[in-house]
Amino acid sequence: LKELFDVDLKNLRALAALLDKFDPKSDGADRNWVEIYDESARLLYLEIDYLNEATNAERFAKDFKKIDWVRVPKVYREVTTPRVMTMEFIESFKLTDIEKIDKLGLDKKVLSQHTADAFLRQIVETSFFHCDPHPGNLCVDTKGNLVYYDFGMMDELKPNVREGFRTFCTALFAGGPTISELDLAKNAKQLVDGVEEAGVLARGADRLAVEKLARYFMRSFKDKQLGKKSANIKETVGNDLQTLTENNVFRFPSTFTFIFRAFASVDGIGKGLDADFDIGQLGQPFIEKFTNAQSKYSSPAEKNLNIFSKATGLNVDDINTAVTSPRKIAYIEDTLRSMEGGSLKIRVRSLENEKALERMALTQGRMEYLMLASLAINVGGVVAGPIATTAGVAGCALFAFQAFMSNAKIKKFDKTQAKFVQTKFEDDGEEEEE
């Protein structure tokens with residue numbers, strides 16, 4: 001296999017290099033295809049090393065040692081080599097075998113919950129996750145315990161990605177579905193900090209636009225948890241989303257390729273067990289439990305006191321807010337007076353005006369090329385001599401081509417604007433007519 005990998009991967013790396021050069025990144029995500037290739041190649045070579053797989057299996061078993069509904073086959077090291085792996089036999093079957101699950105009387109909702117919890121534990125808690133949990137590698141025994149197999153393709157989140165992802169999850173799930181807008185705005189800032197730490201958001205990106213986008217998606221996530229319909233993205237954050245997309249402020253760490261792959265497998269298994277499976281809803285209690293564990297309360301009483309303090313306002317932060325409120329009001333009054341006196345200037349960014357000026361520049365460029373083309377053909381016609389005529393026609397053709405390209409850019413610009421600025425989806429209009 002190694003010899004085959006050497007040949008095939010060499011060709012794939014050349015393709016990845018080409019993708020890096022020609023990928024238009026029209027979705028706003030700045031992917032490094034060579035890094036994705038390198039990460040994939042590294043895992044593929046590790047997958048054919050059974051000693052490495054044995055180490056992965058033992059580590060995975062240790063991570064789930066205290067979880068009684070997860071089983072990992074024991075590895076027999078004394079009869080395991082780089083080419084041969086000997087493991088414990090566990091009687092199990094695929095989670096997609098719904099008929100057998102029903103026959104054994106196993107609770108499908110519990111199985112789907114366990115599937116989601118096991119995945120979240122790997123991504124959020126341990127940061128060491130199974131990259132390929134398809135139905136052949138994620139099974140169930142006759143007692144309803146999950147059984148994992150094939151630990152050749154495992155990956156671990158880098159420290160910055162791990163901490164950033166934890167911050168992201170904590171901010172996303174904090175406050176529950178009924179969170180207030182004020183708390184959601186605070187959590188949105190924390191969420192943006194998380195994605196920046198994880199390397200998903202480029203340094204120097206427009207934080208205000210990103211935070212606005214974060215608030216929209218967090219509110220949509222909360223609404224989905226409540227079973228409500230979210231607001232139209234184009235009406236809410238269309239211009240900001242367009243600007244962020246065009247600036248390619250979002251990065252795509254190579255490890256995320258395997259997280260998304262694992263998520264797709266788990267989501268498919270979960271929906272097969274329970275039609276209402278939604279890892280966003282199932283993840284709420286898990287993330288809350290994880291957040292509480294990270295808070296390191298010394299006792300249940302301390303935890304309850306903290307919850308009571310937040311609910312009633314009897315805590316240090318809220319008392320400090322109440323005490324300092326008069327000074328804050330005075331500061332706001334001073335600021336307003338400075339604005340009235342003209343000693344304070346506020347700088348704002350108008351995305352609509354920026355786009356209008358950008359289109360104006362494109363239109364002006366097209367007009368300039370058309371005028372130059374007209375001038376060239378007129379000069380070629382007036383000046384006598386074949387050389388001048390040929391030069392005039394050639395100049396006209398060149399500038400006409402440039403005008404054509406400018407016109408194509410304007411059409412592309414208008415199409416992009418319509419994509420982000422349109423206030424209603426086509427389906428919305430059809431529903432209203434019905």
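Residues numbered from 1 in each chain as written. Predicted model: local features only at pLDDT ≥ 70, side-chain atom pairs only at ≥ 80, totals over all residues. Heavy atoms only, no water.

**Student:** Got a minute to help me understand the overall build of the protein chain in this structure?
**Tutor:** The helix and strand inventory of the protein chain stands at 16 helices and eight strands. Taking all 434 residues of the protein chain together, the buried fraction comes to 38%. Across the protein chain, the fraction of contacts at a sequence separation of at least 24, relative to all contacts at a separation of at least 6, is 71%. Summing over all exposed atoms, the protein chain offers an accessible surface of approximately 26100 Å²; the carbon and sulfur share of this is 59%. (Helix = DSSP H or I, 4+ residues; strand = E, 2+ residues; numbered from the N terminus. Buried < 20%, exposed > 50% of the residue type's maximum accessible area, 1.4 Å probe, protein only. Contact = heavy atoms within 4.5 Å. Areas by Shrake-Rupley, 256 points an atom, 1.4 Å probe, with all protein chains shown as cover.)

**Student:** Is there a simple way to explain the packing of helix α6 (residues 159-173) against helix α7 (residues 181-197) in this structure?
**Tutor:** Helix-helix packing is characterised by the crossing angle of the two axes and by the distance between the axes. For the pair α6 and α7, interaxial distance at closest approach is 7 Å and the crossing angle is 160°. Considered as vectors, α6 and α7 are oriented roughly antiparallel to each other. In terms of crossing hand, the pair formed by α6 and α7 is left-handed. Contacts from Asn160, Glu163, Gly164, Thr167, Phe168, Thr170, Ala171 and Leu172 of α6 reach α7 at Asn187, Gln190, Leu191, Gly194, Val195 and Glu197. Of the residues in the contact of α6 with α7, the class split is five nonpolar, seven polar and two charged. (Axes fitted to C-alpha atoms, helices over the stretch in contact; angles between N-to-C directions. Parallel < 35°, antiparallel > 145°, perpendicular 65-115°, else oblique. Left-handed = near helix turned anticlockwise from the far one by under 90°. Nonpolar A, V, L, I, M, F, W, Y, C, P; charged D, E, K, R; others polar.)

**Student:** Is there a simple way to think about helix α5 (residues 108-126) in this case?
**Tutor:** The terminal C-alpha atoms of α5, which comprises 19 residues, lie 26 Å apart, in line with the 27 Å expected from a rise of 1.5 Å per residue. Leu120 marks the point of greatest bend in α5, at about 25°. Along α5, 14 of the 19 residues are buried, which leaves the element largely enclosed by surrounding structure. Among the residues of α5, the N-terminal cap falls to Asp107, whose side-chain oxygen and the backbone nitrogen of Lys109 are separated by 3.0 Å. Immediately downstream of α5, the backbone of Ser127 shows phi near 65°, a positive value. (Expected span 1.5 Å × (residues − 1). Bend = angle between axes of the 7 residues up to and from the residue. Polar contact = N/O pair within 3.5 Å; in protein donor to acceptor, adjacent residues only side chain to side chain.)

**Student:** What's the story with the confidence of the model for the protein chain in this structure? I'm lost.
**Tutor:** Caution applies to low-pLDDT regions: their predicted coordinates should not be interpreted in detail. In this model, the protein chain carries an average pLDDT of 80, and 79% of its residues clear a pLDDT of 70 or more. For the stretch residues 422-434, pLDDT sits under 50, and the model shows twelve contacts to residues farther than four places along the chain or on other chains. (pLDDT = per-residue confidence, 0-100.)

**Student:** What should I look at first to understand the packing of aromatic side chains in this one?
**Tutor:** Centre distance and the angle of the planes are the two values used to describe a pair of aromatic rings. Under the criterion given, the structure shown has nine aromatic pairs. In textbook terms, an aromatic cluster arises when at least three aromatic residues are bridged by ring pairs, as seen for Phe60, Phe64, Tyr148 and Phe151. One Lys or Arg, Arg59, reaches over the ring of Phe128 and ends 4.0 Å from the middle of that ring. The ring of Phe64 is capped by Arg121, whose NZ or CZ atom sits 5.4 Å from the centre of that ring. (Phe/Tyr/Trp six-rings, centres within 6.5 Å; stacked < 30°, edge-to-face > 60°. Lys NZ or Arg CZ within 6 Å of the ring centre and 35° of its normal.)

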